[in-house]
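# Summary of the model geometry
As a plain string of letters, each chain reads:
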Amino acid sequence: MPADRFALNRRAVLAAPFAIAACTERSAAVAQTPGPIPAPLKSIAPCPFGATGMTWQLDQPEWVEQILRHCSQLTPEWEQKMERTLGPGFTYDFGPSDRVVAFARDNGLRVHGHTLIWYAQGAEFFNDDLPRDRFAAEFDRYITTAVSRYRGRMAGWDVVNEPVAEDGNGLRDCHWSRALGLDGYMVRAFQQAKAADPDAVLFLNEYNLENIPAKGATFLRLVERLLKLGAPVGGIGTQSHLDIEIPAGQITAFMRDAASLGLPIHVSELDFPMKRDGRMPDLRSMAGKRAQQVARVGELAEAFMALPERQRYAFTTWGLRDTDSWLLRDPNRKGDDDSPLLLDAHGRANPAYQAVADAFSGRAGA
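Computed from a prediction, not measured in an experiment: that's the story for all the values here.

Going through the model one piece at a time under the given rule, you end up with 17 salt bridges. For the salt bridge of R134 with E138, the shortest nitrogen-to-oxygen distance reads 2.8 Å. Note that R134 and E138 are positioned in helix α6 (residues 132–149) at a spacing of four residues, about one turn of the helix. For R134, a relative accessible area of 37% corresponds to the partly exposed category.

Turning our attention to the packing of α6 against helix α8 (residues 184–196). For the pair α6 and α8, the least separation of the axes is 8 Å and the interaxial angle reads 40°. One way to sum up the angle between α6 and α8 is to call them oblique. Taken as a pair, α6 and α8 cross one another with a handedness that is right-handed. Residues A136, F139, D140, I143, T144, V147 and S148 of α6 pack against Y185, R188, A189, Q192, A193 and A196 of α8. Class assignment for the residues of the contact of α6 with α8 results in eight nonpolar, three polar and two charged.

Before going further, it helps to spend a moment on helix α5 (residues 95–106). Given a rise of 1.5 Å per residue, 12 residues ought to cover 16 Å, and the 16 Å separating the end C-alpha atoms of α5 matches this to within 8%. Among the residues of α5, P96, S97, V100, V101, F103 and A104 are the ones counted as buried. End-on view of α5: buried residues confined to an arc of 155°, all on one side of the axis. Contact partners of the buried residues in α5: β1 (49–53), α3 (61–70), β2 (73–76), α4 (82–85) and β5 (110–118). A positive phi of about 75° marks G108, the residue just after α5.

Another point: the pairing of strand β9 (residues 265–270). Burial analysis of β9 places six of its six residues in the buried class, the great majority of the element. Bridge analysis of strand β8 (residues 235–238) against β9 gives three bridges, and the strand direction is parallel. From the neighbouring strand, I236 faces β9, where its bridge partner is I265. For the handedness criterion, the β-α-β arrangement of β8, helix α10 (residues 250–259) and β9 is classed as right-handed. Across four bridges, β9 lies against strand β10 (residues 312–317) in parallel orientation. Directly across from H266, in β10, lies its bridge partner A314.

Here the focus is the packing of aromatic side chains. Here the distance between the centres and the angle between the planes together describe a pair of aromatic rings. A full pass over the atoms with the stated rule returns 15 aromatic pairs. Look at W118 and Y119: their rings are 6.2 Å apart centre to centre, the planes differ by 90°, and that puts the pair in the edge-to-face class. Residue Y119 is classed as partly exposed on the basis of its relative accessible area, which comes to 22%. A ring pair is formed by F304 and F315, whose centres lie 5.4 Å apart and whose planes are at 70°; its orientation type is edge-to-face. Here F304 is found in helix α11 (residues 286–305), whereas its partner F315 is found in strand β10, with 11 residues between them in sequence. Each member of the pair, F304 as well as F315, carries the same accessibility label: buried. By way of ring pairs, the aromatic residues F90, F125, F126, F135, F139 and W176 are connected into one cluster. Residue placement shows R172 over the ring face of Y119; its charged tip is 3.8 Å from the ring centre. A cation over an aromatic ring shows up here: K215 above the ring of Y207, its NZ or CZ 4.0 Å from the ring centre.

Here the bond from H114 into T115 is cis, since omega is -5°, no more than 30 degrees from zero. Mapped onto the elements of the fold, T115 is located in strand β5. Unlike most non-glycine residues, N208 shows phi in positive territory, near 65°. Tracing the backbone shows N208 in the loop between β7 (201–206) and α9 (213–228). For N208, a relative accessible area of 1% puts it in the buried group. The backbone of S240 shows a phi angle near 60°, a positive value even though the residue is not glycine. Topologically, S240 is positioned in the loop between β8 and α10.

Among the structural elements, D197 can be located in the loop between α8 and β7. As a buried residue without a salt bridge, D197 has its nearest oppositely charged side chain in R151, at a separation of 4.7 Å. Not counting the four nearest positions on each side in its chain, D197 is found in contact with V147, Y150, R151, G152 and M154.

Looking now at the nonpolar core. Grouped together as the largest cluster of nonpolar side chains are 94 residues, with contacts concentrated most on I117 and F315. Not counting the four nearest positions on each side in its chain, I117 is found in contact with M82, F139, I143, V159, V160, N161, W176, Y185 and A189.

Rules used throughout
All residue numbers here refer to positions counted from 1 along the written sequence of the relevant chain. In keeping with the model being predicted, local features are shown solely for residues with a pLDDT of at least 70 and side-chain atom pairs are shown and tallied solely at 80 or more, while totals for entire chains, interfaces and linings include all residues. Excluded from the side-chain calculation are hydrogens and water; included are all heavy atoms of the structure. Salt bridges are defined as contacts in which a side-chain nitrogen from Lys or Arg sits within 4 Å of a carboxyl oxygen from Asp or Glu. Each helix is a run of H or I in the DSSP string that is no shorter than four residues. Each strand is a run of E no shorter than two, and both are numbered from the N terminus. Only protein chains enter the area calculation, which uses a 1.4 Å probe; residues under 20% of their type maximum are buried, those over 50% are exposed, and those in between are partly exposed. Structural elements are reduced to axes, namely lines fitted to C-alpha atoms, with helices fitted over the stretch in contact, and the angle between N-to-C directions of any two is expressed from 0 to 180 degrees. Any angle that falls under 35 degrees is termed roughly parallel, while one over 145 is termed roughly antiparallel, one within 65 to 115 roughly perpendicular, and all others oblique. Left-handed describes a crossing whose near helix is turned anticlockwise from the far helix through less than a right angle; right-handed describes the clockwise counterpart. Contact criterion: two residues are considered in contact whenever any of their non-hydrogen atoms come within 4.5 Å of each other. Here the nonpolar group is Ala, Val, Leu, Ile, Met, Phe, Trp, Tyr, Cys and Pro; Asp, Glu, Lys and Arg are the charged ones; every other residue, Gly included, is treated as polar. Given the number of residues in a helix, its expected span is that number minus one, multiplied by 1.5 Å. Arc, as used here, means the arc of the directions from the helix axis to the C-beta atoms. Two strands qualify as a pair provided DSSP detects at least 2 bridges between them. The handedness rule is simple: strands pointing away from the viewer, and a clockwise path from the first strand over the helix to the second, make the crossover right-handed. Aromatic rings from Phe, Tyr and Trp, taking only the six-membered ring of Trp, are treated as a pair when their centres fall within 6.5 Å; an angle between ring planes under 30 degrees marks them as stacked, one over 60 as edge-to-face, and anything in between as tilted. In this scheme, Lys NZ or Arg CZ marks a charge over a ring once it lies within 6 Å of the ring centre and within 35 degrees of the ring normal. Charged residues are defined here as Lys and Arg on the positive side and Asp and Glu on the negative side; His and the ends of the chain fall outside this count. In this description, a nonpolar core means a group of buried Ala, Val, Leu, Ile, Met, Phe, Trp, Tyr and Cys residues linked to one another through side-chain atoms lying within 4.5 Å.

Written as structure tokens, this is what we have:
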């Protein structure tokens, strides 16, 4: 299959607040017999179990109830991205981020920061017209300001997000790399973040690492190189937006290779849609798609459990219920008949939930 068959449109997640708020229960999950009321995921996970949250969700009692039932960690889904926090003239607005962080801390949830430097954002201000010395100074100031603001309150940060080319052939060319160097901007970002909060675990975060072996290999070589260059990379973030059709064993192989670096690993953005990208007819039965989905999610959870305990930083899903998923918001929706997360719209267990629960409890394969 083409290497980029499951290369998701990462810009599509950057919906405006009004578009996000307009997403309601109309994005129903796959029609199926309601599953059982599941045990809290945080009670069976071998590490912090997390999901994402946005400010508009904080006002939804049903969402709050499910998050507090299942999660011990929260990742701001949009509020800490540069498109929200950075304004003209290099002005900052951390108000929405503050609200999500305060909610988490008030409710005893650990917070994981997402994200500081991303190829997809910031180019309108960090552009080619900006003198290089000003570019570097504002780059440093942004990271220092964001990380210092939450010093001592964040378990970790996604410092650099998605630096590897789509097909795994080298690194992305972007406004950061053109001004500060392909490796240079990453080394600089990690060093600034470390100085701002020495106790936070600093992650390099990337997607399609399990789906495209060449990309996973390039990513791990990059981690090794950054460490040799003096970047204080403290952890590996694998987003795990899973292609449920990849061969069995591919997820396990990547996780084993990643573990060999000895760093904490964060399953940072897990989801697992059954929908294809539309470039070929989908003749699979629903039962067949479910079987693929459960098998791949179960393999991921088992591979995560095989890590040494000290390397299990957290296990995070990108949204908690199907109706929270960016994949079921416009313009990403390909109909309502998908369920890319562990819980359905009502907080009941989807089939993949049991695969994760079995892996976490040691019952997988029993």
